[in-house]
Amino acid sequence: DRARRQHMASELVTGRRGMIYDRNGQVLARSVEARSVYAKPQEVEDFLVMANTLGPILGMEPQKLYDELSKTKRRFVWLKRKVDDYTAEAVRKVNLSGIGLSKEYDRVYPFKHMAGQLLGFVGLDDKGLEGIERSLEARLGCIPTRQIVQRDAMGRRFYLHEEGQTEPRGQDLTLTLDVQMQFIAEEAVARDYDARWSGALVVDVPTGDILAWAQYPFFNPNSYRESSPLVYRNRLAADALEPGSTFKPFVMAAALQERKVTPNTLIDCERGKWVSKNFTIRDTSNQGMLPASKVLRYSSNIGMAKIGLSLGAPMFHKYLHALGFGERTSVPVSESRGILRIPRDWSEVDLMSTAFGQSISVTGLQMAQGYLTLLNGGVYKPLRLIKEEGNVDERHERVFSEKTVREVMDMMRDVVEEKDGTGKRARIEGVEVAGKTGTAQTGQFSGGTELKNYWFAGFVPAEQPRYTIVVLQDTQAEPAFSSAAIFARVAAGLEILAP
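Predicted model only: the values in this text are computed from it and were never measured.

Asker: Would you take a moment to explain the side chain of T373 for this structure?
Answerer: Within the element layout of this structure, T373 appears in helix α16 (residues 364-375). Accessibility expressed as a relative area gives 0% for T373, which makes it buried. Non-local contacts of T373, meaning those with residues more than four positions away in its chain, are made with L323, G378, V379, Y380, K381 and V399.

Asker: Is there a simple way to think about the side chain of S36 in this case?
Answerer: Summarising the element assignment, S36 is placed in strand β3 (residues 27-39). Polar side-chain contacts of S36 include one of 2.7 Å to the backbone nitrogen of K82. Of the polar contacts made by the side chain of S36, one reaches the side chain of E104; its length is 2.3 Å. Aside from chain neighbours lying at most four places away, what touches S36 is W78, K80, R81, K82, G100, L101, S102 and E104.

Asker: Would you explain the pairing of strand β4 (residues 77-83) in this entry?
Answerer: If a strand is regular, its side chains alternate between the two faces of the sheet. Where burial is concerned, most of β4 is hidden: 5 out of the 7 residues are buried. The pairing of β3 with β4 spans 4 bridges and is antiparallel. By the bridge assignment for β4, A39 is matched with V77.

Asker: How should the packing of aromatic side chains be read in this particular structure?
Answerer: Here the structure, examined in full by the defined rule, presents 15 aromatic pairs. Each ring, one from Y38 and one from W78, has its centre 6.5 Å from the other, and the planes form 85 degrees; the classification is edge-to-face. Placement of the pair is Y38 in strand β3 and W78 in strand β4, with a sequence separation of 40 residues. Among the residues examined, Y38 registers a relative accessible area of 12% and is labelled buried. When the centroid spacing of 5.8 Å and the interplanar angle of 75 degrees are considered together, the rings of F247 and F250 count as edge-to-face. The exposure classification of F247 matches that of F250, with both residues buried.

Asker: Hey, could you run me through the packing of helix α2 (residues 47-58) against helix α3 (residues 62-70) in this one?
Answerer: Describing two packed helices takes the angle between their axes plus the distance from one axis to the other. Contact geometry for α2 and α3: axes closest at 8 Å, N-to-C directions at 135 degrees. Comparing their axes, α3 and α2 come out oblique. Once α2 is placed against α3, the crossing between them reads as right-handed. Taken together, the residues of α3 that come into contact with α2 (itself represented by F47, L48, M50, A51, N52, L54 and G55) are P62, L65, Y66, L69 and S70. Of the residues assigned to the contact of α2 with α3, the class counts are 9 nonpolar, 3 polar and no charged.

Asker: Even after reading the chapter, I still don't get the nonpolar core, so can you show me in this structure?
Answerer: Side chains of nonpolar character tend, in soluble globular proteins, to be buried together. Counting residues in hydrophobic clusters, the biggest one holds 94 residues, and the most contacted among them are I132, L175, I210, W213 and M252. With near-sequence residues (within four places) excluded, W213 lies in contact with A115, L118, L177, Q182, A200, L201, N234, L236, A237, V331, V333 and L365. Among the nonpolar cores identified, the runner-up in size contains 26 residues, and L211, A212, V433 and Y467 belong to it.

Asker: So what exactly am I meant to see when it comes to the environment of G435 here?
Answerer: Examined against the element boundaries, G435 turns out to sit in strand β16 (residues 434-446). Spatially, the C-alpha atoms of G435 and E417 are 9.4 Å apart, while their sequence positions differ by 18 residues. If sequence neighbours within four positions are ignored, G435 has contacts with M412, V415, V416, F456, A457 and G458.

Asker: Sorry if this is basic, but what is going on with the pattern of salt bridges here?
Answerer: If charged atoms from side chains of opposite charge come close, those side chains can pair. Taken as a whole and assessed by the stated rule, the structure comprises 26 salt bridges. Here R466 ties to D204 by a salt bridge, and the two come within 3.0 Å at their closest N and O atoms. Highlighted residues: R466 in the loop between β17 (449-460) and β18 (467-475) and D204 in strand β10 (residues 195-204), separated in sequence by 262 residues. A relative accessible area of 31% places R466 in the partly exposed class. Salt bridges sharing partners connect three or more residues here, namely R297, R413, D414, E418, D420 and E432.

Asker: Would you take a moment to explain unusual backbone geometry for this structure?
Answerer: Most peptide bonds adopt trans geometry, and most residues besides glycine take a negative phi value. Across the junction of Y216 and P217, the peptide omega takes the value 10 degrees, indicating a cis bond. In this fold, P217 is placed in the loop between β11 (210-216) and α9 (229-232). In the segment running from V460 into P461, the intervening peptide bond is cis, with an omega of -10 degrees. Mapping P461 onto the fold places it in the loop between β17 and β18. The residue S359 is not glycine, and still its phi comes out positive at about 65 degrees. When you line up the elements, S359 lands in the loop between α15 (348-355) and α16. Take S359: its relative accessible area is 30%, and that puts it in the partly exposed class.

Cut-offs applied
Counting restarts for each chain, with residues numbered from 1 along the sequence as it is written. Reporting of local features is limited, given that this is a predicted model, to residues whose pLDDT is at least 70; pairs of side-chain atoms are given and counted only at 80 or more, and all residues count toward the totals for whole chains, interfaces and linings. Note that water and hydrogens are dropped before the side-chain values are worked out from all heavy atoms of the structure. Each helix is a run of H or I in the DSSP string that is no shorter than four residues. Each strand is a run of E no shorter than two, and both are numbered from the N terminus. With a 1.4 Å probe rolled over the protein chains alone, any residue whose accessible area is under 20% of its type maximum counts as buried; one over 50% counts as exposed, and the rest are partly exposed. Whether two residues are in contact is decided by their heavy atoms, any of which lying within 4.5 Å being enough. A 3.5 Å cut-off defines polar contacts: any pair of N or O atoms within that distance qualifies, except that in protein one atom must be a possible hydrogen donor and the other a possible acceptor, and neighbouring residues in sequence count only when both atoms are side-chain atoms. Two strands make a pair as long as DSSP finds a minimum of two bridges between them. Think of it this way: a Phe, Tyr or Trp ring, Trp meaning its six-membered ring, pairs with another when their centres are within 6.5 Å, and the plane angle makes it stacked under 30 degrees, edge-to-face over 60, tilted otherwise. Helix axes are fitted to C-alpha atoms over the stretch in contact, other axes to C-alpha atoms as well, and angles between N-to-C directions run from 0 to 180 degrees. For classification purposes, angles smaller than 35 degrees are called roughly parallel, those larger than 145 roughly antiparallel, those between 65 and 115 roughly perpendicular, and all remaining angles oblique. Handedness of a crossing is defined here by the sense of rotation of the near helix relative to the far one, left-handed for an anticlockwise turn of less than a right angle and right-handed for a clockwise turn. Residue polarity is assigned by list, with Asp, Glu, Lys and Arg as charged and Ala, Val, Leu, Ile, Met, Phe, Trp, Tyr, Cys and Pro as nonpolar; anything else, Gly included, falls into the polar class. We define a nonpolar core as any set of buried Ala, Val, Leu, Ile, Met, Phe, Trp, Tyr and Cys residues linked to one another through side-chain atoms lying within 4.5 Å. In the sections that follow, a salt bridge refers to a side-chain nitrogen of Lys or Arg positioned within 4 Å of a carboxyl oxygen of Asp or Glu.

This is how it looks when you write it as structure tokens:
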């Protein structure tokens, strides 16, 4: 009976988490075996000998170890989790009664900081705490099971599975990310000017697959304890910000769809300053009468405000809701809904300011979803991050006609390719590009200077979009629309990779 108790034991088997792969089978996250040291105080024969022997091995003060174990009433105490092989072997050799080693798993991210904020990390108990590791815990993790196991004279487990017993294991996960494209995007955002933070999303237009999710400063989940929440926060999904002028193509599309304007409709841009009901709107350029197509090219706030007024709040809201603003996407990450108020709460000022990207808050992920719908012939298509699954959100309603989409795409092409467009920094030699710059106020100041968010959203090639790219910066400096330059670096790299 005594021998059986020594050699047979009930053990909680945690099992191995599922692997995370990119679309080509590159390992983004895996679990490796580790050993953790534990004590069963009631089985320790000599606490003093144990403390003096084990303390130096574990790098713990012997007196503290003695006090902790000799006075506790607990039946099980972790002494050190996930030690290296050298330490585990040293503990095994001293063969102290009441001291044992348990098999656990350590999470390893082979590409270090690559897609760090998106992947997230797991804690000591192998539970996802941030990112995909947390949001897909039910799939990647596994419920621990208690099993009867055999042990040798030193307490080591025989790794022979009993009949009907298998070690629990989480499901593997294949993302739509492409490691090469992720590298290109991360290199581009890391070369940012004086930004405090930069991010970029790359989406494959034909499929809706997210190919790259880059954020800088980088976060290495292998050493997550060394980073603050500000660094590992997945800001492309969690932060809702004013979109500024990158929002204007959606407003223009809605007005074209409702036949409030045509590309040739003349709009008075009031020579750069318009006072309406004690609300003053200013433009960065001094424009008079402009056709609607050039309102987007010159990024006229005044022209867009008048277009917004022509739509009216209920119709305006209907299109924004259909594009996915004000609600979470189908991407399985922790994200903000943004702010899209119901139409009855809109004042006339709200209607005008929303038309040029203020009085509304969106995430980078929502912007990518909106542009994907626009470029998908005007038909809503949900973004996709999990490779082997179909698009979870099966809404595929038409938001804009193909004619409307083509007219807006042509306007966005002029923003970049025409000599007087505001997005000239996004140009790529040999390829036609389309896009829209955006600047949003934050209301936050540092050293007397207001912090601003700079956006660029665009697609390439302009005629038949393959990729749509959304870039966002949080900066104090005036970067001369460097977000457009980041876009160009990413897009040029993708063109090199494209078959």
